[in-house]
Amino acid sequence: MLQYFLKRLLSLGLSLVAASIVIFLALEVVPGDPAAYMLGINAQEDTLNALREQLGLNGTILQRYLSWAGGLLVGDFGTSYTYRIPVAELIGERLWVSLPLALYALTLSTMIAFPAGIWAASRRGSYVDTGVMGVTQLGVAIPNFWFAMLMVLVFAINLRWFSAGGFPGWDEGVLAGLKALTLPAVALALPQASILTRVMRSSLLDTLGEDFIRSARAKGLTRGQAMWRHALRNALIPVLTIMGLQFSFLLAGAIIIENVFYLPGLGRLVFQAISSRDLIVVESVVMLLVFAVILVNFSVDLAYALVDPRLRGRR
């Protein structure tokens with residue numbers, strides 16, 4: 001188990017180094033000068049050079065990459081060109097919206113998908129199975145931003161059960177914060193629940209066809225007993241993979257939903273930073289999101305080893 005852990009940890013470190021290089025170089029080739037954007041098209045060249053020097057934009061690419069990457073290692077993300085405050089402070093404020101939103105949506109997705117997937121697999125070929133698969137196909141096909149606007153129209157404008165957007169802050173109480181995140185979380189969760197339901201059903205049906213399940217049935221277990229005692233745990237490996245990917249998507253890919261509901265999260269911060277050419281914010285937030293994705297995948301790999309002990313001995 002220790003060797004498996006160290007191997008995955010080394011892979012995580014190499015992935016982070018490669019990702020930081022790609023992110024930095026990708027933003028370096030983006031056209032436009034942040035200093036010119038901040039000062040306007042009529043700014044004098046000496047003024048532009050002074051601002052570039054102040055922002056650290058006059059160094060070589062290698063110098064700027066090493067300065068940025070070295071700062072990341074000690075938690076220094078630099079200073080925003082636009083807001084003129086530390087990027088870490090900006091990220092810290094927005095993370096307290098995006099992270100609870102992602103966890104809320106993932107919880108809703110899991111609570112829907114697991115019972116639905118198991119129910120459909122246990123009644124394969126029945127009207128229940130057909131109905132569940134039909135609903136999940138619809139959930140996959142509907143864009144989440146369209147579904148989000150539909151929910152705003154129904155639950156915020158017509159029924160007035162929820163606000164149409166904004167976030168009151170956690171200082172107003174946990175219930176107020178969760179209420180503000182409910183519609184965005186549902187909009188994010190339902191398409192993901194549809195995918196997870198289909199994966200859960202497919203994986204469980206594949207496992208129910210394995211030889212060890214037939215052996216368990218031959219020993220006198222009913223189909224339900226064999227499914228709950230033996231098949232379910234073995235069917236979780238592909239499901240864990242999808243859950244890890246879904247959490248990464250929910251954390252990093254909620255830009256549209258956060259803009260629909262005017263949530264002050266990381267996605268909206270990236271959108272605003274791109275609009276204002278605040279590249280240091282874009283680099284740092286994207287790198288943080290990549291780190292979250294890689295860390296989630298690392299956690300999923302460890303979960304594999306707990307679910308399937310055979311993986312612990314692999315070299």
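Since we're looking at a predicted model, the values are computed, not measured.

Enquirer: Describe the overall build of the chain, and please don't skip the residues or the numbers.
Expert: Looking only at helices and strands, the chain has 14 helices and zero strands in total. Counting helices and strands in the order they occur from the N terminus, the chain gives α-α-α-α-α-α-α-α-α-α-α-α-α-α. Per-residue burial over the chain gives 41% buried out of 315 residues. Taking all contacts inside the chain whose residues are at least 6 apart in sequence as the whole, residues at least 24 apart take part in 74%.

Enquirer: Can you lay out the pattern of salt bridges for me, pointing to particular residues and giving the numbers?
Expert: Counted by the stated rule, this structure contains one salt bridge. Ionic pairing is found between Arg 201 and Asp 129, a salt bridge with its closest N-O pair at 2.7 Å. Taken together, the positions of Arg 201 in helix H8 (residues 174-208) and Asp 129 in helix H6 (residues 127-141) put the pair 72 residues apart, joining distant regions of the chain.

Enquirer: Go over the packing of helix H5 (residues 87-122) against H8 with me, naming the residues and quoting the values.
Expert: In a pair of packed helices, the angle between the axes and the distance between the axes together describe the arrangement. At their nearest, the axes of H5 and H8 sit 5 Å apart, and the two run at 35° to each other. The two elements H5 and H8 meet at a crossing, and its hand is right-handed. Broken down by class, the residue content of the contact of H5 with H8 amounts to 26 nonpolar, six polar and one charged.

Enquirer: Which residues make up unusual backbone geometry, and what values go with them?
Expert: For Arg 160, which is not glycine, the phi dihedral falls at a positive 60°. As for its position among the elements, Arg 160 is in the loop between helix H7 (144-158) and H8. Residues other than glycine seldom take positive phi values, yet Tyr 262 does so here, at roughly 55°. Relative to the helices and strands, Tyr 262 is located in the loop between helix H12 (255-260) and helix H13 (266-275).

Enquirer: Describe the UniProt feature "transmembrane region" (unreviewed entry) in the chain, listing the residues and the values that go with them.
Expert: In the numbering used here, UniProt assigns the "transmembrane region" (unreviewed entry) feature to residues 95-120, 140-159, 235-257 and 285-307. Taken end to end, residues 95-120 is 100% helix and 0% strand, and its first and last C-alpha atoms sit 36 Å apart. Helix makes up 85% of residues 140-159 and strand 0%, with an end-to-end C-alpha separation of 26 Å.

Enquirer: How would you explain the side chain of Glu 283 if you had to name every residue and give the values?
Expert: On the secondary structure map, Glu 283 appears in helix H14 (residues 279-307). Residue Glu 283 is classed as buried on the basis of its relative accessible area of 7%. Apart from the residues lying within four places of it in its own chain, the contact partners of Glu 283 are Ile 23, Phe 24, Leu 27, Glu 28 and Trp 68.

Enquirer: Describe in detail the nonpolar core, supporting the description with residues and values.
Expert: Within soluble globular proteins, side chains that are nonpolar generally end up buried alongside one another. If you look at the biggest cluster of nonpolar residues, it comprises 54 residues, and the most contacted ones within it are Trp 68, Leu 188, Phe 261, Leu 263, Val 281 and Val 285. Broken down by secondary-structure element, the contributors of at least two residues to this core are helix H1 (2-28), helix H4 (61-73), H5, H7, H8, helix H11 (236-252), H13 and H14. Here the element with the most residues in this core is H14; it accounts for twelve residues. Counting residues in hydrophobic clusters, the runner-up holds 17 residues, among them Ile 118, Val 199, Met 200 and Ala 231.

Enquirer: Now, about the packing of aromatic side chains: what can you tell me, with residues and values included?
Expert: According to the stated counting rule, one finds three aromatic pairs in the structure shown. Ring centres of Phe 24 and Tyr 65 lie 5.5 Å apart, and the angle between their planes is 65°; on these two criteria the pair is classed as edge-to-face. Within this pair, whereas Phe 24 is found in helix H1, its partner Tyr 65 is found in helix H4, the two being separated by 41 residues in sequence. Here Phe 24 falls in the buried class, since its relative accessible area comes to 3%. Among the residues examined, Tyr 65 registers a relative accessible area of 15% and is labelled buried. An angle of 40° between the planes, with centres 5.8 Å apart, marks the rings of Phe 155 and Trp 161 as tilted. Owing to a relative accessible area of 27%, Phe 155 belongs among the partly exposed residues under this scheme.

Enquirer: Account for the environment of Ala 69, with residues named and values stated.
Expert: Mapped onto the elements of the fold, Ala 69 is located in helix H4. According to the relative accessible area criterion, Ala 69 is buried, its value standing at 17%. Between the alpha carbons of Ala 69 and Phe 24 there is a distance of 9.3 Å; along the sequence they are 45 residues apart.

Analysis parameters
- Residues numbered from 1 in each chain as written.
- Predicted model: local features only at pLDDT ≥ 70, side-chain atom pairs only at ≥ 80, totals over all residues.
- Heavy atoms only, no water.
- Helix = DSSP H or I, 4+ residues; strand = E, 2+ residues; numbered from the N terminus.
- Buried < 20%, exposed > 50% of the residue type's maximum accessible area, 1.4 Å probe, protein only.
- Contact = heavy atoms within 4.5 Å.
- Salt bridge = Lys/Arg side-chain N within 4 Å of Asp/Glu carboxyl O.
- Axes fitted to C-alpha atoms, helices over the stretch in contact; angles between N-to-C directions.
- Left-handed = near helix turned anticlockwise from the far one by under 90°.
- Nonpolar A, V, L, I, M, F, W, Y, C, P; charged D, E, K, R; others polar.
- UniProt positions renumbered as here; feature names shortened; annotations may be inferred.
- Core = buried A, V, L, I, M, F, W, Y, C linked by side-chain atoms within 4.5 Å.
- Phe/Tyr/Trp six-rings, centres within 6.5 Å; stacked < 30°, edge-to-face > 60°.

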